[in-house]
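What follows is each chain in one-letter form.
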Amino acid sequence: MAEEAKKKRHIVMVPLMAQGHIIPFLALARQIQHTTIATFTITIATTPLNILHLQSALSSTSPNQIRLAELPFNSVQHGLPPNTENTEKLPYTKLVKFCHSTLSLEAPIRSLISRITEEEGQPPICMISDVFLGWVNKVANSLGTRNLTFTTCGAYGTLAYISLWLNLPHKKTHSDQFWVPGFPQSYRFHRTQLHRYLREADGTDDWSQFTIPQISHSMKSDGWICNTAAEIEPLGLHLLSKYLQLPIWAVGPLLPPAVLKGSRHRSGKECGVALEACMEWLDLKDENSVVYISFGSQNTISASQMMALAEGLEKSGRSFIWVVRPPVGFDIEAEFKEEWLPKGFEERMRDTKRGLLVHKWAPQLEILSHKSTGVFLSHCGWNSVLEALSYGVPIIGWPLAAEQTYNVKMLVEEMGVAVELTRFVETTIYGEEVKKVIDIVMEKEGKGKEMKEKAKEIASDMRKAITEKGEEKGSSLRAMDDLVRTILSPKSL
Ligand code: UDP
């Protein structure tokens, strides 16, 4: 009977097919399994190629209790290149088509839930869906189960993102600065903080047609799970919960357990450098002396920006690890080309051991946790932000898409742990500016010192949120307990 009851506590999770979403979904699944309150069967439902990566990520965890359910998906039918099942394979211009294509997963999800219901005599106890896949909420409601939305962004960034799309406040004023509903009246956002697609949105364009209904569906779910902690985002969480009028559980930072070393356990992806070689390279460097540069799993910068960044790094005289991806306009899968960088740059950096260029994918968490890493030049995707701050690493922001500019706004204005270098791919930057900003953040005194201290404080707050000392649990662990109890409780109709 006990076994039977356990089997019935089934949670089905549906992430957006993007590394920045699948990684925290997997971390959330592992965290829910870790709870001592109840035992759940967890199924992550996604498309075949993403399942392959997840299988690889899960093969390291034993006993492996997370199930994977394959949702058929044919990218060609949606006008996308063959085998496009993850945003990392796409140029930003095709992203909206990819987002629309995810609506085709509704029928396979319905079949999956019906199959589980038939086999187990009742529907899953809960579905957890991505904020980008709000339609899952409709499915859950119609099939008699609860749906929780998981936003893989921070609370502040999530609120800015949903309110900007739902209210389009920049369309109602000629001013460059405007108030965004949900934020205090004194707060101002700037037109240049909006991605081109949002700036140009009018409610009828392809982006609006996808994003607005997905947010609206998600706002009807039974609650939201946030990958953040009460200690680090008190304002964002307060504002988001007021805006949504739904229960919110801040259960983050959702990072993999320290025992799981290496990128494969998180994403199932192979790195462009062996973990050991990367760690040996870092071991040779002084404490806090290395700049780590990465623009996440799917974004990239323009060819001229890439040149300027390389020049700035060379001028700065600092050591660095740079995850190099093809610049805008090149095939994302393209092999590395020397002409993307100043003449002889890679060779000079290799010979002098000044810079390590990693092609495509790096063991990011291990790099950020190494004591030699002093600063992270990042696009400020939320996972990257959490990973940097959890190791007390201050940030140089270069937001490129999604809610990244709002994350930087918070990192600069609320937390004091970042400096913004530039925004998006359209801007012109110069090597001298890159050097100047790196110097500010790496400074052992003044602003650099202040940012480092604040980043360390945040790291300590994050640790407290996920630490259990005797009877006392950190805020995120308490939120996780409450989340689990809510999942176990009957759904109110
Ligand atoms: N990541 C990584 N190696 C890389 C690039 C990215 O391990 O070379 C991981 C990174 O640690 C993070 C995720 O991919 O967990 C990227 O998520 P984020 O929210 O930062 O950005 P996104 O890719 O969604 O824009």
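All residue numbers here refer to positions counted from 1 along the written sequence of the relevant chain. This being a predicted model, a pLDDT of at least 70 is required before a residue's local features are given, and a value of 80 or more before pairs of side-chain atoms are given or counted; all residues contribute to the totals for chains, interfaces and linings.

Glancing now at the overall build of the protein. In terms of helices and strands, the protein carries 20 helices and 17 strands. Taken against the 2.2 N^0.38 rule, which gives 23 Å for 493 residues, the C-alpha radius of gyration of the protein at 22 Å falls within 12% of a compact globule. It is the C-beta atoms, placed from the backbone, that decide contacts: two residues are in contact if theirs lie within 7 Å. Considering only residue pairs separated by 6 or more positions, the protein has 69% of its internal contacts joining residues 24 or more positions apart. Only runs of H or I of at least four residues qualify as helices and only runs of E of at least two qualify as strands under DSSP, and these elements are numbered from the N terminus. The size measure is the radius of gyration over C-alpha atoms, and the globule rule it meets is 2.2 Å times the number of residues to the 0.38 power.

Turning next to helix H7 (residues 155–167). Taking 1.5 Å of rise per residue, 13 residues should cover 18 Å, and H7 covers 18 Å from first to last C-alpha, within 8% of that figure. Within H7, 10 of the 13 residues are buried, leaving the element largely enclosed by the surrounding structure. Those residues of H7 not exposed but buried are Ala155, Tyr156, Gly157, Thr158, Leu159, Ala160, Tyr161, Ile162, Ser163 and Leu164. Of the residues one or two after H7, Leu168 is the one with positive phi, at around 40°. In a helix, the anticipated span is given by 1.5 Å times the number of residues less one. Three exposure classes are used, based on other C-beta atoms lying within 10 Å of a residue's own C-beta, which is placed from the backbone: buried for 20 or more, exposed for 12 or fewer, and partly exposed in between.

Before going further, it helps to spend a moment on the pairing of strand S4 (residues 126–130). Moving residue by residue along a regular strand, the side chains alternate between the two faces of the sheet. Across the five residues of S4, five count as buried, placing the element largely inside the fold. Neither face of S4 is left uncovered, since the one carrying Cys126, Ile128 and Asp130 and the one carrying Met127 and Ser129 both have all their residues buried. Should DSSP find at least two bridges between two strands, the strands are taken to pair. Bridging between strand S1 (residues 10–14) and S4 involves four bridges; their strand directions are parallel. Its bridge partner lying in S4, Ile11 is registered against Cys126. For crossovers, right-handed means that the path from the first strand over the helix to the second runs clockwise, given strands pointing away from the viewer. Traced from S4 through helix H6 (residues 135–142) to strand S5 (residues 146–151), the parallel crossover comes out right-handed.

The next thing to look at is the environment of Gln77. Position of Gln77 relative to the elements: it lies in the loop between strand S3 (66–70) and helix H4 (95–101). For Gln77, a count of 9 C-beta atoms within 10 Å puts it in the exposed group. Between the C-alpha atoms of Gln77 and Ser101, which are 24 residues apart in sequence, the distance is 8.9 Å.

Attention now goes to the nonpolar core. The biggest cluster of nonpolar side chains holds 145 residues, and the ones touching the most others in it are Ile11, Ile225 and Ile396. Residues from two domains meet in this core; each of domain 1 (2–252 + 467–488) and domain 2 (271–463) gives at least three. Here a nonpolar core is just a set of buried residues of the types Ala, Val, Leu, Ile, Met, Phe, Trp, Tyr and Cys, joined wherever their C-beta atoms sit within 7 Å. How far each domain reaches was decided by an automatic or database domain assignment.

Quick look at the site of the ligand now. Surveying the vicinity of the ligand reveals 20 residues, the closest of which are Gly20, Gly296, Ser297, Gly381 and Ser384. Where the shell around the ligand is concerned, the elements lending two or more residues are helix H2 (19–34), helix H15 (364–369) and helix H16 (382–390). Each residue is assigned to one of three groups, with Ala, Val, Leu, Ile, Met, Phe, Trp, Tyr, Cys and Pro labelled nonpolar, Asp, Glu, Lys and Arg labelled charged, and all others, Gly among them, labelled polar. Here the residues of the shell around the ligand are counted per class, giving seven nonpolar, 12 polar and one charged. Per-domain counts for the shell around the ligand show at least three residues from each of domain 1 (2–252 + 467–488) and domain 2 (271–463). Each residue receives a C-beta atom built from its backbone; the residue is near a molecule or strand if that atom lies within 6 Å of it.

Turning our attention to the domain arrangement of the protein. For the protein, the assigned domains are domain 1 (2–252 + 467–488) and domain 2 (271–463). The interface is formed by 29 residues belonging to domain 1 together with 22 residues belonging to domain 2. Elements represented by at least two residues in the side of domain 1 that touches domain 2 include exactly H2, H7 and helix H10 (234–244). Looking at the side of domain 1 that touches domain 2, the element that brings in the most residues is H7, giving five residues. Taken together, the residues of the side of domain 1 that touches domain 2 break down into 12 nonpolar, 14 polar and three charged.

Reading across from one edge, S3-S2-S1-S4-S5-S8-S9 is the order of the seven strands in this open sheet, with parallel pairing throughout. What marks the edges here is a single partner per strand, and that holds for S3 and strand S9 (248–250). Each strand axis lies, on average, 25° off the axis of its neighbour in the sheet, ignoring direction. A fitted line through C-alpha atoms serves as each axis, taken over the contacting stretch for helices, and the angle formed by two N-to-C directions is quoted from 0 to 180°. Against the sheet, H10 makes contact with strand S8 (224–226) and S9, and its axis sits at roughly 160° relative to S9, the strand it touches most.

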